[in-house]
Amino acid sequence: MQPFIPDIILPTTVVGSYPAQPKRTLRTLFDPLHAAVEEAVSSQKKAGITIISDGQVRGDMIGAFASKIPGIRGNDVIGRVMPPDQAITIRDTAYAVRQHRYVKAIITGPSTLAYGLHLGTHQYRNRDELVLDIASALVVEAQGLAKTGAVMLQIDEPILSTGAANLDVAKKAVATIAEAVSLPVCLHACGTIEQIIDDLLAMPVQILDFEGSVNEGNLASFSGKDLQNRYIGYGIVDSSTQVLESADDVRRRLLKGIDILGPERILPDPDCGLRMHTPESAFAKLTRLTGVVSEVRRELGYQ
């Protein structure tokens, strides 16, 4: 498997979402949110982010996929879930790839999708069965995104830290998707992960991404663990508030992560997506992130 980000120490990235900024242009008559995609991509680039996303501006993480997968109508599972005829989100990811060398493609994880839907059919005895069918359906999306030229695929699974999902089933579902593509796969988990760290480390992925600002105990859970050459997406900017934390706070978090994980395996990023921020707040958060990382790189002799 090819390296996703060669020759860069502490490559910055994002969890994915960015504030949607619709604009009225001639093109928006046909695609009302394309200008928002353009703005999200441009803002991430201006902030100096190494690995950007397409901004995920077209809706919430459930609705963006659910209503377009056969067997799901709106937020209701109405029959057996089947793979769609074609990928759903590749157009925006392909646009981002044309604008920037390093782009992560993102899909909502099968467990999170399954628990975000209403099970309105007798086709499924339980959500575990639904999770596995959704994973099979998402293979089409993963393979389509891989063909865009993205350098990694991120699977978003915020449900994993809540205790609601079956982690053994989640592992099988993630494996179904990860084994279907040849590019590195990242798993993003929100919330407190200390109780599920061993389950996360058993996931068949190359990158694990977690919150390190609001949940500072998450970082300590990696101490002494065998990371098996994984990269770690480490949240050092708080995405739960629009208040811009000090550079000293961000720097402290980063240095603590370097002490535990080493600089070669860290991808600094915000804790989570920035969709609910104002454009000004989101840009300030990313600029604070890249500014601190750049300073630490210099101090460590990497630039």
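Rules behind the numbers
Here the residue numbering is sequential within each chain, running from 1 through the sequence in written order. Only residues with pLDDT of at least 70 are given local features in this predicted model, and only at 80 or more are side-chain atom pairs given and counted; all residues enter the totals for whole chains, interfaces and linings. The basis for every side-chain value is the complete set of heavy atoms in the structure, and neither hydrogens nor water enter the calculation. Among the buried residues, those of types Ala, Val, Leu, Ile, Met, Phe, Trp, Tyr and Cys that are joined through side-chain atoms within 4.5 Å form a nonpolar core. For each residue, the accessible area found with a 1.4 Å probe, counting protein chains only, is set against the maximum for its type, and the residue is called buried under 20%, exposed over 50%, and partly exposed in between. Note on conventions: DSSP H or I runs of at least 4 residues are helices, E runs of at least 2 residues are strands, and numbering of each starts at the N terminus. Contact definition: two residues touch when any of their heavy atoms are within 4.5 Å. Note: two strands are recorded as paired if DSSP finds a minimum of 2 bridges between them. Lining residues are defined by having an atom within 4 Å of a point belonging to a cavity or pocket. Those points lie on a 1 Å grid over the protein atoms alone, cavities being sets where a 1.4 Å probe fits but cannot get out and pockets being open sets with protein on both sides within 12 Å along at least five of seven lines. Grid points are joined across faces, edges and corners, and a volume is the space filled by probe spheres set on the points. In this classification, Asp, Glu, Lys and Arg are treated as charged, Ala, Val, Leu, Ile, Met, Phe, Trp, Tyr, Cys and Pro as nonpolar, and every other residue, Gly included, as polar.

1. Describing the nonpolar core
In terms of nonpolar packing, the biggest core is built from 82 residues, with Val-81, Leu-153, Leu-160, Leu-187 and Phe-222 touching the most fellow members. Sort the elements by how many residues they give to this core and helix α5 (residues 127-146) lands first, with eight residues. Apart from the residues within four sequence positions on either side, Leu-160 is in contact with Ser-111, Ala-165, Leu-167, Ala-170, Leu-187, Ile-196, Leu-200 and Met-203. Within the second largest apolar cluster, eight residues are counted, among which are Ile-5, Val-151, Cys-186 and Ile-207.

2. Regarding unusual backbone geometry
Residues apart from glycine generally show negative phi values, whereas peptide bonds are mostly found in trans. The backbone of Gln-56 sits at a positive phi, close to 45 degrees, despite the residue not being glycine. Mapped onto the elements, Gln-56 comes out in the loop between α1 (34-47) and α2 (63-66). Gln-56 gets classed as partly exposed once you look at its relative accessible area, which sits at 23%.

3. A few points about the pairing of strand β7 (residues 207-210)
Burial along β7 is two-sided: the residues Ile-207 and Asp-209 and Leu-208 and Phe-210 are all buried. Sheet analysis places strand β6 (residues 185-189) next to β7, joined by four bridges and oriented parallel. Bridging from a neighbouring strand, His-188 pairs with Asp-209 of β7. One ladder, built from four bridges, connects β7 with strand β8 (residues 231-237); its direction is parallel.

4. Side note on the sheet that holds strand β4 (residues 118-119)
Read across the open sheet, the three strands follow the order β1-β2-β4; overall the sheet is mixed. Only two strands of the sheet have a single neighbouring strand rather than two, namely β1 (72-73) and β4. Note that strand β2 (residues 76-77) and β4 share two bridges and pair parallel. Following the sheet pairing, Asp-76 is matched in β4 by His-118.

5. Side note on the layout of surface pockets
Each pocket or cavity is described by its volume, and for the largest pocket that value is around 580 Å³. Lining the largest pocket are 29 residues, with Gln-56, Gly-59, Asp-60, Met-61 and Ala-64 positioned closest to its centre. Counting residues per element, the lining of the largest pocket draws most heavily on helix α3 (residues 90-99), at four residues. For the lining of the largest pocket, a count of residues per class yields eleven nonpolar, nine polar and nine charged.

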